[in-house]
Structures are given as C-alpha cells and as structure tokens.
2 protein chains.
Amino acid sequence: MVTRAESAAATRRALLDAAAELLDLGGPEAVTLREVGARAGVTRGAPYRHFADKDSLLTAVAAERWEQIAGQVHALRIDPALSASKKLRRALHTLIDVGRDQPHAYQMLFRWNGKRAGQLERLHRQLCGPEGDPEAADRAAGRFQDEFLAIVAAVAGERNAQHYGALLLAGAHGVAGMEHSGHLGADKWRTTADELVDTLVRVVVTAQ
Amino acid sequence: MVTRAESAAATRRALLDAAAELLDLGGPEAVTLREVGARAGVTRGAPYRHFADKDSLLTAVAAERWEQIAGQVHALRIDPALSASKKLRRALHTLIDVGRDQPHAYQMLFRWNGKRAGQLERLHRQLCGPEGDPEAADRAAGRFQDEFLAIVAAVAGERNAQHYGALLLAGAHGVAGMEHSGHLGADKWRTTADELVDTLVRVVVTAQ
DNA sequence: TCGTTGAGGTGACAACGTCATCTGAAAGCC
DNA sequence: GGCTTTCAGATGACGTTGTCACCTCAACGA
C-alpha cells in the first residue's frame, strides 16, 4: 500500500510543516530537531535522513516560503484588473505583510545563506550528499525577483527596471525590518510602514 | 589601590570588549559566555554579575555600537565644510559601512529587543534588577535617530522630515540588509549598494 | 575590629546538535 | 518464494551551551 518512497516523502513533508510551525511560533531558537521530529511522528535523528543539518531544514522552509510569495506576486502580475502601479504597490505590500504576520519566517528569507561560498562543497554535496537543496532557496528567491522585476519594468520601463527594482525591493525590505525591530515607533517618526511603502513607490515613479 | 567598584567596572568593560570581538568574528552563536569570560580573565559565571543573561550582554554591545554611530553622525552634522545633502549621503553610508564591515553587529542593531513588552517586568528590573540597561540600546538608537532627523530636516524641511527621514533610513537599512544576505547580486540587479543609496537620496530630495 | 556586601569561582543540570551504530521492513534479483 | 541489498528510522552517546545554587573571600561601612 504505502511504498517506501511515499512514506519518506510524507515524513519529509511533515518535518517541513512542523519546522515552519515552530518557526512562526518562537523563531529559529524554538525549532528544535527533537520537537520537529516529535511533531512529525518520528524521533530526533530522523531529520538527518532528509536534511544535512538544522540549517538545511530552515533553509528548505525558507525556500518554500519564497515559492509561495513568488506565486502570490505572479498571480498579481497576470491580473488584468490591476494597473501597473497598483501591482507594484501590492507586490511590495506582500513582503510587508509577511514581515508582519510571520516575522521569524521573514527573517529567514533575507538571511545570509552560508554554505554557498565553497564551490568545492557544492560539488561534494552534488555527488554524495543526500541530494536536495543546495541552492533551492536561492532559486525560489530568484523566481520572486523575476516576477517583481517584470512588474517594475511595466512601470519604470525596461531600461532602469533593475536599478529601480532593487531600490524598491530594498526599501520595502528596510521598512519591514524596521517595523519588526520596533525602530519605526509612531511617536518618533509619525508615520507607518504602509505610508512609507506608498511614498516610496510614488517618489520612485515620479522620478523616472 | 584598586577599589571594588574599579575592579568591577574593568571586568564589565573587558566583558563588553570580548563579546564585541567574538560577535564580529563569528556572529551571536560564537559569543559563548565561557569564551567571553575567558577572554575577560574570569570564568563562565562571572558575566551574570554584570548582565542578566547572554541576551542582555549582546544588547549592551549593540547599545555601545549605537552610541558610536550616533557620535559619527553627530560629528557629520556639525561639520561646517559639508553641504546638507552631502551630510545626508554620508550619514546613510555610515550605516552601509557598518553593515559591510561588522555585519553581525549590524544585525544586532536592528534586532527585536524582546524584554520590552512587559511594563511590569521593567518595574521589577528597576527595583531589584542588577541595575543597568533595560532600554539603553533604545536610548542610544534614539540618539542616532535624533541626529539623523536633524540632518534630514536641513534638506527636506522641518515639515516632512520625519516621514522622509524614516523612508531614507529604512531604505538604507534595506540596502544594507540585502547586500549582507546576498540578495543584491550584481548579475541580477546590475547595481551596487552605494549607487542605490545615492539614488535613494536623489529621488527623495527631488520629490520634495 | 567585626559583621556585611558583593564580585567571582565551582559544581551541577537540562537541553541542544550531531554522530555511530543498530534494526527492520521494503525493494530488487534469481 | 527465497535471498540479499538498501535505507528510513530508532537509539545511545558525546561535547557544548545557558543558567542556577552554592561557596569563597577580600573590600567596605560602622
């Protein structure tokens, strides 16, 4: 009935779900391999059959989150009922919302992805590693960036899309980060994250 | 010769220096209380006489870094040889430089400062705690923000200084974060962090 | 001078990531 | 079907970490 491959895939899925849930609840520190295993119905050593280490597990969670965000922005981009500038605002607010609703997962998205420096290590992983996700998170983030870039190009033109796209993305990212870290206190700056994103779009659009 | 207060102050200083050094070397994970104590010439339990826990120690390090940055920006602001817009660019590049040279310390600066939620806990800490730094990091960050706000006001006018100041600060923060996390790959966006900050200033200034 | 205080040392504990090893069932092969 | 191989998962163990309770002893106030 249940082949071994099916069982393994189900376990991997359960591990990812458990890790994502724990991440949202209490941050990376709360993602314990023991607790992840327990919630997935296995023991603490089992995750090592699917992920190289804890970091790889968290990276895989981040990759899925990037995929999800990329899907949302893609749906936004092909929506014929929205104007180009509206799509741009919505895309940036998508990031803000993630940072607001799942702050810990958001931090995983923009985390220095270690492991990547060594080209030698990549080769080794490709040959004997448990297969899988050396740069899956990078590719997923790239898919989001491609979708976002297309939206920016429709507003700012193909010529400066990359430069202004990076500026818009970095701006929204900074707003999300400052809101999350509490450095956007209303008493000090007398503004909100949403206002800042809207101003950012307006300012960039009017500039070019 | 050496009073008890002097000795304690020297130990505290050594603990902060050791923690800062380890933080720069290997990030928060590398800051172990045992190694910090060893480098400060004491044992693992000694830091608890000066800081409530590891998190408080890291927060104190972040507070000193904020003080240092605030000092740099202050020196910038009162420099008569610089134009207003030049001061603005330099202030933002100060942040970018910290994110580039001490990325781990930079992340500490914009970290969610936990402990602050409970007003009850603040009172308790004020009464019986080991004295010290409940919101020292916040106050230091506030000093930087005040200096920065004054620079922005000289460029964008007093009226919209807060709104545009927050936008500029968040923009630079996002650029620093994306550069640090590797999401600013030159092949994708065809731009650099420095170009982005300059464009950000130009765009905001021309808008208002 | 004597009791008090508080910085620092020490032992211990639980929790964690990680690995080596073992087990048992599915998978492939004859 | 019977055999061997493979591999997901269980288990025991190890080193490291943050943290606490307890102890020591020199500086301090009276």
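Refer to the structure above for everything that follows.
Below is a short write-up of the structure. As the structure is a computational prediction, the values presented were derived from the model and not from experiment.

Focus: the protein's contact with DNA strand D
Neighbouring DNA strand D are 21 residues, the closest being Thr11, Thr43, Arg44 and His50 of chain A together with Arg34 of chain B. Near the protein, within 4 Å, the atoms of DNA strand D are sugar or phosphate in 44% of cases. Threonine 11 of chain A is positioned such that a nitrogen or oxygen atom in its side chain is 2.4 Å from a phosphate oxygen of DNA strand D. Sorting the residues of the surface near DNA strand D by element identifies α1 (4-26) of chain A together with α2 (33-40) of chain B as the ones contributing at least two each. Per-element accounting of the surface near DNA strand D gives the leading share, three residues, to α1 of chain A. Classifying every residue of the surface near DNA strand D gives six nonpolar, six polar and nine charged.

With respect to helix α7 (residues 136-156) of chain A
For an α-helix, 3.6 residues make a turn, and residues three or four places apart therefore share a direction. When the terminal C-alpha atoms of α7 of chain A are compared, their 30 Å separation across 21 residues agrees well with the 30 Å that a helix rising 1.5 Å per residue should span. Positive phi appears at glycine 157 of chain A, one or two residues downstream of α7 of chain A, with a value of about 90°.

A short note on empty space enclosed by the protein
Gaps left between atoms show up when a probe the size of a water molecule is rolled over them. Taken as a whole and assessed by the stated rule, the structure comprises three cavities of 30 Å³ or more. Of the volumes computed, that of the largest cavity is approximately 100 Å³. Every residue lining the largest cavity is counted, 13 residues in all, and those nearest its centre are Met108, Leu109, Arg111, Asn113 and Ala137 of chain A. The set of elements that each furnish at least two residues to the lining of the largest cavity consists of α3 (54-77), α5 (103-109) and α7 of chain A. Classifying every residue of the lining of the largest cavity by side-chain character gives six nonpolar, four polar and three charged. Every residue lining the second largest cavity is listed: His183 of chain A together with Thr59, Ala62, Trp66, Met108, Leu109, Arg111, Trp112, Asn113, Ala137 and Asp138 of chain B. Elements supplying a minimum of two residues to the lining of the second largest cavity: α3 (54-77), α5 (103-109) and α7 (136-156) of chain B. Looking at which element gives the most residues to the lining of the second largest cavity, the answer is α3 of chain B, with three residues. Of the residues in the lining of the second largest cavity, the class split is six nonpolar, three polar and two charged.

Quick notes on the protein's contact with DNA strand C
In the neighbourhood of DNA strand C, 21 residues make up the surrounding shell, with Arg34 of chain A together with Thr11, Thr43, Arg44 and His50 of chain B lying closest. Here, DNA strand C places atoms within 4 Å of the protein, and 47% of those atoms are sugar or phosphate. Separating a phosphate oxygen of DNA strand C from a backbone N or O atom of leucine 33 of chain A is a distance of 3.1 Å. In this structure, threonine 43 of chain B approaches DNA strand C through a side-chain N or O atom, which is 2.7 Å from a phosphate oxygen. It is helix α1 (residues 4-26) of chain B that contributes the most residues to the surface near DNA strand C, three residues altogether. Class assignment for the residues of the surface near DNA strand C results in six nonpolar, six polar and nine charged.

Cut-offs applied
- Residues numbered from 1 in each chain as written.
- Chains lettered and ligands numbered in written order.
- Predicted model: local features only at pLDDT ≥ 70, side-chain atom pairs only at ≥ 80, totals over all residues.
- Heavy atoms only, no water.
- Near = heavy atom within 4 Å.
- Polar contact = N/O pair within 3.5 Å; in protein donor to acceptor, adjacent residues only side chain to side chain.
- Helix = DSSP H or I, 4+ residues; strand = E, 2+ residues; numbered from the N terminus.
- Nonpolar A, V, L, I, M, F, W, Y, C, P; charged D, E, K, R; others polar.
- Expected span 1.5 Å × (residues − 1).
- 1 Å grid on protein atoms, 1.4 Å probe; cavity = no way out; pocket = protein on both sides within 12 Å on 5 of 7 lines; lining within 4 Å.
- Points joined across faces, edges and corners; volume = space filled by probe spheres on them.

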